[in-house]
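# Remarks on the overall topology
Below are the chains, spelled out letter by letter.
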Amino acid sequence: MRMNIGKFLICTASILGLVACQQQDQQQDAQPATAVVNPVPAPEPVSKPKPKVKPPVKKLDKKSSTTPALVAQPVSLRPLGRKVSHVPVKGKYVALTFDDGPHPAYSRRAINILNRYGAKGTFFMLGQNVNKYKGIVADIAAAGHEIGVHTWSHIKMNSAPMARVNKEISNTRNLIGRITGTYPRVMRPPYGATSNTLVNHMHDSYGMASILWDVDTRDWRKPGVGKVISTAVNNAKPGSIILVHDIHASTISALEGIVTGLQARGFKLVTVSELMQIAKKEAAEEAAAKAAAEEAAKAAAALQTQQPQSTEQPAAEPEQPQEPVEQPTAPALKPEDFILI
Ligand code: NI
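Residues numbered from 1 in each chain as written. Predicted model: local features only at pLDDT ≥ 70, side-chain atom pairs only at ≥ 80, totals over all residues. Heavy atoms only, no water.

### A word on the pattern of salt bridges
Within the structure shown, the criterion is met by eight salt bridges. In this structure, E168 engages R164 in a salt bridge whose closest nitrogen and oxygen atoms are separated by 2.9 Å. Taken together, the positions of E168 and R164, both in helix 6 (residues 162-180) and four residues apart, correspond to about one turn of that helix. Using a relative accessible area of 40% as the deciding quantity, one classes R164 as partly exposed. (Salt bridge = Lys/Arg side-chain N within 4 Å of Asp/Glu carboxyl O. Helix = DSSP H or I, 4+ residues; strand = E, 2+ residues; numbered from the N terminus. Buried < 20%, exposed > 50% of the residue type's maximum accessible area, 1.4 Å probe, protein only.)

As structure tokens, then:
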């Protein structure tokens, strides 16, 4: 009898296990097999024998032990778009974006490099990591980089129940808001998997633009530092949004090359929201220039319509001054001349 109960329990457990495995498989199958798919962040292999970059790491480790005081009433900013994968700017500006962090070591190394070159980045964070590394989140924001939401646990939003989506988004958004003092105005759906309904929901309910990308380095596939650098640098164009992940050592190794390569091509690295603000400013300037040109054209047209009445007279007039001009060239008649004649 005991044996039977034992067997029964083992069978039940293994059946449950199988079901769980099947569900996992189904979830993995559901991910699009093509392009632009980045995997659920896998734990970074701990390959410690790296050259010790002690000065920055030491300094930063100290900071990371500080837990920031949480803000009760974060500031809310209006989102600058709905769904954006490339921003239409004319100037040479790009946004470098980092997904899946913050990472306890690599995110700080990333901002150290960005700060060194006067570059700004945008970090789309997982709530579960934000919760673990609040000090890093606070420092990234304090250094002027932008922080966005990437869900709490990297769910595929367009196949998750809406209640789960709301929970993951609001918890992550609220936590980032309370750490940094400002609610994020950008979010990135994991795998880029979203829908019009979700895009509108993110915008209308949470004040966040859904940010995708137009340059995918595929750094998570570890194609080699050189390849990651060349993909980012060579494919960038004005308004590009470049995707990397600050949870891979190899990406951090490529970062300096990416930043200096882009800067050598004349690009300035700004945050995603700055990029959208630049686009709006350029559009406003363009509209103002167009309005000024139209005003000038109108004024010119008004002058032309006035001219027909006075056309004939002024047309004759220019010749008149020419005649008097000739007069002085002729020898002036002196009283003596009259006498001589
Ligand atoms: Ni991701």
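Following the structure, the description resumes.
### Looking at helix 8 (residues 225-235)
Listing the buried residues of helix 8 in full gives V228, T231, A232 and V233. Buried residues in helix 8 make contact with strand 7 (215-216), strand 8 (241-245) and helix 9 (249-264). (Contact = heavy atoms within 4.5 Å.)

### Overview of the coordination of the nickel ion
Those protein atoms acting as donors to the nickel ion are D100 (OD), H150 (NE2) and H154 (NE2), and they sit at 2.1 to 2.2 Å. Here the donor residues for the nickel ion map to a single chain with the spacing D-x49-H-x3-H. Placement of the pair is D100 in the loop between strand 2 (93-99) and helix 3 (106-116) and H150 in the loop between strand 4 (146-149) and helix 6, with a sequence separation of 50 residues. Judged by relative accessible area, which is 1%, D100 ranks as buried. (Donors = N, O, S within 2.8 Å, 3.2 Å for Na, K, Ca; no water.)

### Some details on the packing of aromatic side chains
On inspection of all chains with the given rule, the structure shows one aromatic pair. A centroid spacing of 4.6 Å and a plane angle of 10° characterise the contact between F98 and F123, whose relative ring orientation is stacked. Placement of F98 in strand 2 and of F123 in strand 3 (residues 121-125) is noted, with a sequence separation of 25 residues between them. Pair check on accessibility: F98 and F123 agree, each one buried. Geometry around F267 places K92 over its ring, the cationic atom sitting 4.9 Å from the centre. The side chain of R173 reaches across the aromatic face of Y183, ending 4.0 Å from its centre. (Phe/Tyr/Trp six-rings, centres within 6.5 Å; stacked < 30°, edge-to-face > 60°. Lys NZ or Arg CZ within 6 Å of the ring centre and 35° of its normal.)

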